[in-house]
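Tertiary structure, described
Residue strings, one per chain:
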Amino acid sequence: MTPTNNRLHTHILGYPRIGSNRQLKFALEAYWKGESSLHDLIQTAKTIKQEGWEKQRKAQISIVSSNDFSFYDHVLDAICLIGAIPSRFKRGNGPISLDLLFTMARGMEKASAEENTIPQPMEMTKWFDTNYHYIVPEFEKDQHFSLGSSKPFEEFKEAKYLGYLSKPILLGPISLLFLGKKKDPSIKNAELFEKILPLYEEILKEFYSLGADWIEFDEPILTLDIPTEWQKAFYDVYPRLKQKVPALKILLATYFGPLKENREIVVSIPIDGFHYDWTRGGQELYGLLQNWDKNKVFSLGIVDGRNIWKNDFSNSLKVIHSALDYIPSESLWLAPSCSLHFVPVSLQAEKKLNEELRACLAFADEKLEELNILSSLALMENYQNDEQFKENQKAIEKRKTSSLIHDPTVHERLAALKETDLSRKSPYRVRKELQQKKLRLPLFPTTTIGSFPQTAEIRRIRSRYRHGSISQEAYETFIEEEIKRVVELQEEIGLDVLVHGEFERTDMVEYFGEKLNGFLITENGWVQSYGSRCVKPPIIFGDVSRKEAMTIRWSKFAQSLTKKPMKGMLTGPITMLQWSFVRDDQPRKITAKQIALAIREEVKELEKNGIGVIQIDEPALREALPLRKIDWEDYFQWAIESFRIASCCVEDSTQIHTHMCYSEFGDILQAIAKLDADVISLEASRSGFELINSFAKFRYPNDIGLGVWDIHSPRIPTTEEMLATLRKALSVLPKESLWVNPDCGLKTRSYQEVIPSLKNMVEAARILRNEVTKKASVEPTIAESP
Ligand code: GLN
Ligand code: ZN
């Protein structure tokens, strides 16, 4: 392809799949509830795809993409394509139906007539360092692959029928295998490579016969630390694929980070084009271009696909022009850094947005337009005189000085923090004694993680209040009633440290985002989290500070209802950062510390108002870890510092808790210890004994609450099973350190599940207390902490 009309070629790596108004979500949920037909669902999908293609055409994208749509998840689509259906799902013969695909992802409610067991849904995990979740492939002993779906071909034909010769996007074979889990240790990687190759060859042939010109293989694992065996696989697999169908051009795509030691791979293997994420790769680009074969396409990911900021044309054009020093304009394509499905669809849906902020932003549709403009500016002699260029630069300049964004007092306050502000007054041992004196907790204290069931009624009232259809007074009375109910309930059950239930919060980040300066909550900025689940990440656009008290009113009220300690409940700086769109004009660490400073003020005020136990949740601490190990240390340093800014402002007698969940903590326990929270509650019921074993290796210095109840399952855990986990924990932890709690908040559960489960949990703690005190009177040396 040669550039036409003096424009560089453009393409994208995927367009958002949920639809401009989350149509896919609603269509999926209606279908799952049996309220609409498969035909309706497929029609909705058709319209979404068509809209995406039309928008690409309007933005003069040179080659539109297909197979970027998915009914649930693109990795699950790839699993179906290669027919890697775990045997527990009893696939049978023939193609994989959409219903089976949904069952694999979501499980099923009832066992089928022939079977009496319900197969476990497939595991889901975070896609690299994004907040998108994919279904984890599973490979079994004697794994067999065969074409299980024709979705990519159908979508290609669908686009063709509408007049688009598209570039199909597929997850590359090596990444697909790498991201999977081997269910049997005897399975060899080499065996999987051998088996998957013929299938990918078949796919290439099929696309070629359908008339495809290009095919994109995404191999994002090239931005990870991968073992040599996996690096070698690229040298083996790609030549064989290329040889099979030489006329079909392969674009290999990577994103989310620099290539580092994997750079050699992409310059050596026989591909026709390569896509590179410039936003995460930086200077490495020039080394790559130096060795680039001028006849091969180089796709420059110049527009950030992970964030929502307007592209700085001046900056981008500098990079593009430097790239053109190495390769001819026919070989240079422009693209977003990665798929656009990590950003919301369009700014047009934001009706109430401040105009100054709007001028700083670009969602998916605006990014398409940016590519459109950049592709022509790039080959223009005097682009500086172009109106669109000038307008872009005006917005970029404005952002640099806007008083909406920059607040010098925040920077001053941050600079004024002293070393002593980052640590508690006394070491843990001293604090523990003072806290015990004040709180008088029994051995194995029981508590919960914060939220109580969010019933349909609570959600309805909150939404009516937001829309102004009930008064503030009526709303507050309602919340107070709910708090009263759960405080009484917790007292009745006999929990030791109580919570207020978090009824006033829709979401643990949005709630605080709404109350902090520097955060913007959009109206319609939805992105897919998994399946039909979407999230609306706040946008951190400016210096963050606390404009008002955020939780004091509710915590104070809750404490007034009981003599037992009431735990104040806050979201930590790293989690707020990780679950938002962040600024690209200052390092993440500065933004994290600003948030920490705002939380610090809330912590102090909670303490001043008589709240003696304060929990700062950091469920995202682990998932915010950089992709490459070499970057971990720096991350931990500022993450720990941020947590300490938020928490180290209280008296020794005030107890700081933190909570983390659903990740593996074994290898980061040392970093967690450095947070110096008095108590940490961790998930343990799923990863179970694995986590307990890590404590045998690393002696955690402070108190630990091990989650003994998996709240993501509707099952009510028995006293005996929770006791078993606790006894096991006591084999590696001193008895004075152990707390008893569920492994996460209870908001997704119902009271029918919560009440008996908590009763069983409190009973387990009571039995354990008896056991240990009895034993101690016979055998006084047991389990003393060293
Ligand atoms: N305090 C929050 C809750 O209980 C914690 C949620 C989380 O860890 N994700 O809901
Ligand atoms: Zn949790």
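Note that the structure is predicted; figures quoted are calculated from it, not measured.

Calculation criteria
- Residues numbered from 1 in each chain as written.
- Chains lettered and ligands numbered in written order.
- Predicted model: local features only at pLDDT ≥ 70, side-chain atom pairs only at ≥ 80, totals over all residues.
- Heavy atoms only, no water.
- Axes fitted to C-alpha atoms, helices over the stretch in contact; angles between N-to-C directions.
- Helix = DSSP H or I, 4+ residues; strand = E, 2+ residues; numbered from the N terminus.
- Parallel < 35°, antiparallel > 145°, perpendicular 65-115°, else oblique.
- Left-handed = near helix turned anticlockwise from the far one by under 90°.
- Contact = heavy atoms within 4.5 Å.
- Nonpolar A, V, L, I, M, F, W, Y, C, P; charged D, E, K, R; others polar.
- Core = buried A, V, L, I, M, F, W, Y, C linked by side-chain atoms within 4.5 Å.
- Buried < 20%, exposed > 50% of the residue type's maximum accessible area, 1.4 Å probe, protein only.
- Near = heavy atom within 4 Å.
- Polar contact = N/O pair within 3.5 Å; in protein donor to acceptor, adjacent residues only side chain to side chain.
- Areas by Shrake-Rupley, 256 points an atom, 1.4 Å probe, with all protein chains shown as cover.
- Salt bridge = Lys/Arg side-chain N within 4 Å of Asp/Glu carboxyl O.
- Pairing = 2+ DSSP bridges.
- Phe/Tyr/Trp six-rings, centres within 6.5 Å; stacked < 30°, edge-to-face > 60°.
- Lys NZ or Arg CZ within 6 Å of the ring centre and 35° of its normal.

**Topic: the packing of helix 27 (residues 719-730) against helix 28 (residues 751-778)**
- Between helix 27 and helix 28, the least distance of the axes is 9 Å, while the angle of their chain directions is 45 degrees. With respect to helix 28, the element helix 27 is oriented oblique. Of the two elements, helix 27 crosses helix 28, and the hand of that crossing is right-handed. Between helix 27 and helix 28, the residues in contact are T719, M722, L723, L726, R727 and L730 and S757, N760, M761, E763, A764, I767, L768, E771 and V772, respectively.
- Here the residues of the contact of helix 27 with helix 28 sort into nine nonpolar, three polar and three charged.

**Some thoughts on the nonpolar core**
- In terms of nonpolar packing, the biggest core is built from 134 residues, with W127, F207, Y238, F274 and F298 touching the most fellow members.
- The dominant element in this core, judged by the number of residues it contributes, is helix 7 (residues 189-210), at ten residues.
- The contacts of F274, once residues within four sequence positions are left out, are L251, L252, T254, L259, V266, L288, W292, V297, F298 and S299.
- The next biggest cluster of nonpolar side chains, apart from the first, holds 106 residues, and it includes L516, L621, W632 and V754.

**Thoughts on the site of ligand 1**
- Close contacts around ligand 1 come from I449, G450, S451, E502, M508, D617, P619, H659, C661, C744, G745 and K747, and that covers them all.
- In this structure, a nitrogen atom belonging to ligand 1 sits 2.9 Å away from a side-chain N or O atom of E502.
- Between ligand 1 and H659, the relevant distance is 3.1 Å, taken from an oxygen atom to a side-chain nitrogen or oxygen of the residue.
- Burial of ligand 1 by the protein amounts to 92% of the accessible area it has alone, namely 300 Å².
- A class-by-class count of the residues in the shell around ligand 1 yields five nonpolar, four polar and three charged.

**Describing the packing of helix 1 (residues 23-32) against helix 2 (residues 38-58)**
- Across the interface, helix 1 lies against helix 2 with an axial gap of 9 Å and an inter-helix angle of 170 degrees. In terms of orientation, helix 1 and helix 2 fall into the roughly antiparallel class. Contact residues: helix 1 offers Q23, L24, A27, L28 and Y31, while helix 2 offers L38, L41, T44, I48 and E51.
- Its residues placed into classes, the contact of helix 1 with helix 2 shows seven nonpolar, two polar and one charged.

**Some details on the pattern of salt bridges**
- Inspection of every chain in the model, using the stated rule, returns 55 salt bridges.
- The partner of K242 in a salt bridge is D272, with the nearest N and O atoms 2.8 Å apart. Of this pair, K242 sits in helix 8 (residues 228-244) while D272 sits in the loop between helix 9 (263-268) and strand 10 (273-277), and the two are 30 residues apart along the sequence.
- On the accessibility criterion, K242 (11% relative accessible area) is buried.
- Note that E476 is salt-bridged to R553, the shortest N-O span being 3.1 Å. Taken together, the positions of E476 in helix 19 (residues 472-493) and R553 in helix 21 (residues 552-560) put the pair 77 residues apart, joining distant regions of the chain.
- Each of R399, D543, R583, D584 and D585 takes part in a single network of salt bridges with overlapping partners.

**Examining the sheet that holds strand 20 (residues 679-683)**
- On the basis of which strands lie adjacent, the open sheet formed by six strands has the order 17-18-19-20-21-22 and parallel pairing. In the strand order of this sheet, the two ends are held by strand 17 (567-571) and strand 22 (738-741), each with one partner. If you compare each strand with its neighbour and ignore which way they point, the axes differ by 25 degrees on average.

**A few points about the packing of aromatic side chains**
- Evaluation of the coordinates by the stated rule reveals 33 aromatic pairs.
- Relative to F256, the ring of Y255 lies with its centre 4.7 Å away and its plane at 70 degrees, an arrangement referred to as edge-to-face.
- Consider the rings of Y635 and W638, whose centres lie 5.3 Å apart with planes at 85 degrees: the pair is edge-to-face. Of this pair, Y635 and W638 both sit in helix 24 (residues 632-647), three residues apart, which is roughly one turn of the helix. The same class applies to Y635 as to W638, namely buried.
- Taken together, the aromatic side chains of W127, F128, Y134, Y255, F256 and F342 make up a single cluster linked through ring pairs.
- For K629, the ring lying beneath its charged end belongs to W632, and the centroid distance is 4.8 Å.

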